[in-house]
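Letter by letter, the chains look like this.
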Amino acid sequence: MGSPERRGAAGPAPRSPQEQSTAVAAARSLTRRALGSMDRGRAPGLRPSLSQQPGQRSSSVGSPVQKALRALTVPLETLQVLKGHMMQDMRKGLSRQMHAQATMQMLPTFICSMPDGTEKGDLLVVELCQSYVRTLYVTLFGDGNQRPQVMYKIFDLPLNIMQGKGEALFSFIAKCLRQFLAGFSSPQRRFPLGFVFPFSCKQTRLDKAELISWSKGFRCTGVEGKDVVQLLQSAINKEELYVDVVALMNDTVGTMMTSSKDDKACEVAIIVDTGTNSCFMAEAQLIEMVEETSGRMCVNTEWGCFGDDTTLSGIVTIYDQHVDKESSNPGKKRFEKLVGSLYLGEIVRHVLSALAAEKAVFTGSDARILRNKDVLKTHQVLEIINHEDGMAKTRSTLETLGLRPSERDCCRVQQVCRVVVSRSAALCAAGLAAILTHMCQSRELEQLSANIGVDGELYRDYTRFGEILQSVTGLLAPECSITLLPSVDGTGRGAAIVTALALRLVEQRREVERLLSPLRLSHSDLQRVQALMRQEMDLGLGKETNARSSVRMLPTYVRATPDGTERGEFLALDLGGTNFRVLVVRVAEDSIRMASEIYVIPTSIIQGTGVALFNHIIECIMDFQLKQDLMEQILPLGFTFSFPCQQLGLDKAVLLNWTKGFSASGCVGQDVVQLLRDAAQRKEHFALNVVAVVNDTVGTMMSCGYDDPKCEIGLIVGTGTNACYMEEMRNVGTVEGNDGRMCINMEWGAFGDNGCLDHIFTTFDRMVDEKTINPGKQRFEKLISGMYLGEIVRYILLAMVEKQVLFHGKPCPKLQTKDIFQTKFLSTIEIDGLALRKVLAILRDLDLHASFEDSVLVREVCQTVSLRAAQLCAAGMAAVVEKMRENRGLDQLVVTVGVDGTLYKMHPHFSQHLQQTLRVLAPKCTVTFLQSEDGSGKGAALVAAVACRKAGP
């Protein structure tokens, strides 16, 4: 069983560029010979396709040796067809509906991250091999995993254990582990363990996997369909060992984890050993068998099973059929039986046996020995074609079998061995090309550059195997540039890296959850926000209690919505940001036509004096009227003024405070309509008739109300946020009269300014608030609107960098810049199906040196912040619709919300989350959302039109 020994891990010396060039040239030459020259002499039309049946591949022309060699040669066009079939089977395997029809099972491994070199610690590994169990103690130092310390011990695995009860197998493994640990560990110390289990498993977590089927000579009872991690953990617990199994993987995944070059992670691995398999990092959204939709996940293809239907019938020869029939699992693992070293010696044996029967070889010998299974091993085949003195090695190998080969026999045996191994390499290349092209297409790349981790007896022991693999892959997938990297102890060191990675990710996830959990609102949290909003609404409507409410509930003096009889020409002025518009709106019986122009307000005016601001506005109105030939007309004007005002009449509104970066002096506490009229007098512009002043929220409601009479609510979710609705006059204590309804401008952006929402505000919200021009004001708006969401995300990302869970903990100077992470980035990053390379591009444009895993985490942060914003908006809206329902004494309210704002319109999920949450919080209200078309412009004109209609002729 051997004693533990300490060793370091070192890879082979890299080739020089000249050596690499020579190798590629030789491989291309070999490829042409292997895939082309053996096909010479075949009649046109006889090149095989994958639809041909076994036995049809050989031409009737030529000697028995030539027939055998041609049968075992797979032309390039056939490999292209094979690649296409494999890609199709891969897609089936990834699909939930088609998975059962796939021969490549495409099993998710739940490994969603690549090692970053910071993994460290003492770890145990147990590797279950074909004839032994290997236990390892691996120490990683966080040095890029370059110089791990490894101790290991090998325990021979008795045949009766391999083919006995499952309980006995896992008990044996646990006892091996106990014996291994007895030599050096303290009895009370806990160790994490990675379990290398090279059999097909259905994984549902990294530490939970049900065995699908045994192979490689194992037939333990009571294991298939069971969680092998739990079986091992139970056996370990019975031995009273302080060991926790934290990760299960196969040897292919371990190979991928140990193969990297030039700081570029390896994302594909193939094993070509007794068996064969591959794995690669697939786009998680394409793996329909799991719930994960972000980032990438390693998929274990189980490509050894490819062709277990009839797909490989045109490639399988009579010799392969014999090998399959004599195997322990006839009809299964058909691709593996063409490729794996467990079978290549047997294929060669059957070829030579058939040739001997036809008197094509060994005419002077008794060749009956070749009828005996396993008399010729794959390692002997490799020695025959790999040995410097190949002829002598061939002769000695054959003589050992009791044969008396001639020199011609030896040459033919070498030919057969080469073509069998070359076919194995070419078939592997077809599979690798299928994976690479799939990756290239799914990532929407024109070119893919990838490191490929490779391990296994065939790759290690036959130099030309790798050369053929590289060359043929290049021919089959020219859009992909690959570097083949030999794995260094993939099953040992690789398993340790996976285990350390799992531990690092668990700790990282714990820290991420700690940072994000305050932003994740429960149903009861949202119900509380809804109740508080209702409480503040009631206070705001009361004459005596209005001053105590953070929601001002301002009367707008808009008493009706459009009824469709409005007619005429109206001017509209829309002021709500750094750009403002002037419009002329023509309302006819069957249409509304508009003309408008956008004007810019310089920052110096926004932050200057009120006189300068309103003078600038009048100058722009005059410019517009001149261009529209309206200077001689006095048209009714509706003024959209999207700032908090106390409305004292339809055309009288006192500015309460500036928002959105405005700070023009001499305006707060003044009637903004009068300020506009005063500026018109200063500019001697007398063709001005302001009949109504509204905010953008009311304009939005009126605009949508023209199209849908049920629209009695307005909502804005853009740079800022606000809502309005039609309230019963009897409830509006701040205005005289009890009949009818009046639109109430809620100014809900200030909800919580009195402290009632302090339990919702996080550390990040407070940091954002402190850096604004109005700290402590518009608190609800700062949780929801587009002006602030990017800043919330930025502060969260900074905290994650500080906790070393993002960007490797490296300082990010540009991320310290206020407003560098704009809210539009959230909308882009959260688009469904957006390739994460595009997310990476956004981050790198910000000088953030992000990894693939970083981009996944940034997306999660964006999703968390935008979801909370939508849910809070829904909680506020739920309070509104429930109040309207109760006001009207209805069992079920049917109402439409006119909505506008870039966040609502442009974010890919905001509207969906808002509506879903509202349905849950207000189940007795059927709410339809209607997007406004120019609510602040057309809506203002319609308010003026309704006012003129109500005033009469």
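Look above for the structure.
No experiment lies behind these values; they were computed from the predicted model shown. (Residues numbered from 1 in each chain as written. Predicted model: local features only at pLDDT ≥ 70, side-chain atom pairs only at ≥ 80, totals over all residues. Heavy atoms only, no water.)

**Student:** Got a minute to help me understand the overall build of the chain in this structure?
**Tutor:** Across its full length, the chain carries 30 helices and 28 strands. For a compact globule of 953 residues, the expected C-alpha radius of gyration is about 30 Å, and the chain comes in at 38 Å, more than 25% above that figure. Principal-axis analysis of the C-alpha atoms gives the chain an extent of 120 × 70 × 55 Å. Contacts in the chain between residues far apart in sequence, at least 24 positions, make up 71% of those at least 6 positions apart. Entry remark: accessible area of the chain is about 38,500 Å², with carbon and sulfur atoms responsible for 49%. Between the averaged position of the 106 positive side-chain charges in the chain and that of its 106 negative side-chain charges there is a distance of 6 Å. (Helix = DSSP H or I, 4+ residues; strand = E, 2+ residues; numbered from the N terminus. Rg over C-alpha atoms; globule rule 2.2 N^0.38 Å. Contact = heavy atoms within 4.5 Å. Areas by Shrake-Rupley, 256 points an atom, 1.4 Å probe, with all protein chains shown as cover. Lys, Arg positive; Asp, Glu negative; His and termini not counted. Charge placed at Lys NZ, Arg CZ, Asp CG, Glu CD.)

**Student:** Help me understand helix α13 (residues 407-442), please; the structure alone is not making it clear to me.
**Tutor:** Three- or four-residue spacings in an α-helix give side chains the same orientation, since the helix completes a turn every 3.6 residues. For α13, with 36 residues, the first-to-last C-alpha span of 52 Å sits near the 52 Å given by 1.5 Å per residue. Among the 36 residues that make up α13, 30 are buried, leaving the element largely enclosed by the rest of the structure. Where α13 terminates, the next one or two residues include Glu444, which has phi positive at roughly 55°. (Expected span 1.5 Å × (residues − 1). Buried < 20%, exposed > 50% of the residue type's maximum accessible area, 1.4 Å probe, protein only.)

**Student:** I'm lost on the nonpolar core in this one. Help?
**Tutor:** What tends to happen in soluble globular proteins is that the nonpolar side chains get buried as a cluster. By size, the foremost hydrophobic cluster in this structure holds 95 residues, and its most contacted members are Leu715, Tyr725, Met746, Met800, Phe821 and Met877. The greatest single-element share of this core, amounting to 18 residues, is contributed by helix α27 (residues 852-887). With near-sequence residues (within four places) excluded, Met746 lies in contact with Met533, Met537, Val551, Arg552, Met553, Asn722, Ala723, Cys724, Tyr725 and Val880. Membership of the second largest hydrophobic core comes to 90 residues, among which are Met297, Val299, Leu458 and Phe465. (Core = buried A, V, L, I, M, F, W, Y, C linked by side-chain atoms within 4.5 Å.)

**Student:** Where do I start with the pairing of strand β7 (residues 200-205) in this structure?
**Tutor:** In regular strands, side chains alternate between the two faces of the sheet. Across 5 bridges, β7 lies against strand β8 (residues 208-213) in antiparallel orientation. Looking at the pairing, Ser200 lines up with Ser213 of β8. Linking β7 back to β8 in an antiparallel pair, the connection comprises 2 residues. (Pairing = 2+ DSSP bridges.)

**Student:** Would you explain the sheet that holds strand β18 (residues 579-587) in this entry?
**Tutor:** Within a sheet, each strand pairs with its neighbour through backbone hydrogen bonds, oriented either parallel or antiparallel. Read from one edge of the open sheet, 5 strands run β19-β18-β17-β20-β23, paired in mixed fashion. Two strands bound the open sheet, and with one partner strand each, they are β19 (592-600) and β23 (689-694). Within the sheet, the average angular offset between the axes of one strand and its neighbour, ignoring direction, is 20°. Examined bridge by bridge, strand β17 (residues 568-575) and β18 share 8 bridges and lie antiparallel to one another. If you follow Glu569 over to β18, its bridge partner there is Arg586. Running at roughly 150° to β23, helix α20 (residues 672-682) makes contact with β17, β20 (636-641) and β23 of the sheet. (Axes fitted to C-alpha atoms, helices over the stretch in contact; angles between N-to-C directions.)

**Student:** Can you help me understand the state of the cysteines in this one?
**Tutor:** Note on terminology: disulfide describes a covalent bond linking the sulfur atoms of two cysteines. Taken as a whole and judged by the stated rule, the model has 0 disulfides. Cys645 forms no disulfide, and the closest cysteine sulfur to it belongs to Cys667, at a distance of 10 Å. Sulfur of Cys862: no disulfide; nearest cysteine sulfur belongs to Cys812 and is 15 Å away. We classify Cys862 as buried; its relative accessible area is 0%. (Disulfide = S-S within 2.5 Å.)

**Student:** Got a minute to help me understand the sheet that holds strand β28 (residues 925-931) in this structure?
**Tutor:** Across the sheet, 6 strands lie side by side as β16-β26-β25-β24-β27-β28; this open sheet has mixed pairing. The open sheet terminates on both sides in strands that have one partner only, identified here as β16 (554-555) and β28. Of the strand pairs in this sheet, strand β24 (residues 711-717) and strand β27 (residues 893-900) are connected by 5 bridges, and their pairing is parallel. In the strand pairing of β27, Ile716 is matched with Asp900. Against the sheet, helix α21 (residues 696-707) makes contact with β24, β25 (721-728), β26 (741-745), β27 and β28, and its axis sits at roughly 135° relative to β24, the strand it touches most. Across the sheet, helix α29 (residues 910-921) touches β24 and β28, and the angle it forms with β28 is around 165°.

**Student:** Honestly, the pairing of strand β4 (residues 132-141) in this entry has me stumped. Any pointers?
**Tutor:** With 8 of 10 residues buried, β4 is to be regarded as a mostly interior element. The sheet contact formed by strand β3 (residues 120-128) and β4 spans 9 bridges and is antiparallel. Bridged to Val125 within β4 is Leu136. Adjacent in sequence and paired antiparallel, β3 and β4 are bridged by 3 residues. Where β4 meets strand β5 (residues 149-156), 8 bridges bridge the pair, whose relative direction is antiparallel.

**Student:** What am I meant to see in the side chain of Thr561 here?
**Tutor:** For Thr561, the position within the fold is in the loop between β16 and β17. Discounting chain neighbours no more than four positions away, the residues touching Thr561 are Met701, Met702, Cys711, Val946 and Arg949.

**Student:** How should the environment of Gly217 be read in this particular structure?
**Tutor:** Residue placement: Gly217 occurs in the loop between β8 and α6 (228-238). As a C-alpha pair, Gly217 and Leu445 span 228 residues in sequence and 42 Å in three-dimensional space. Those residues in contact with Gly217 that sit more than four places away from it in its chain are Met162 and Gln163.

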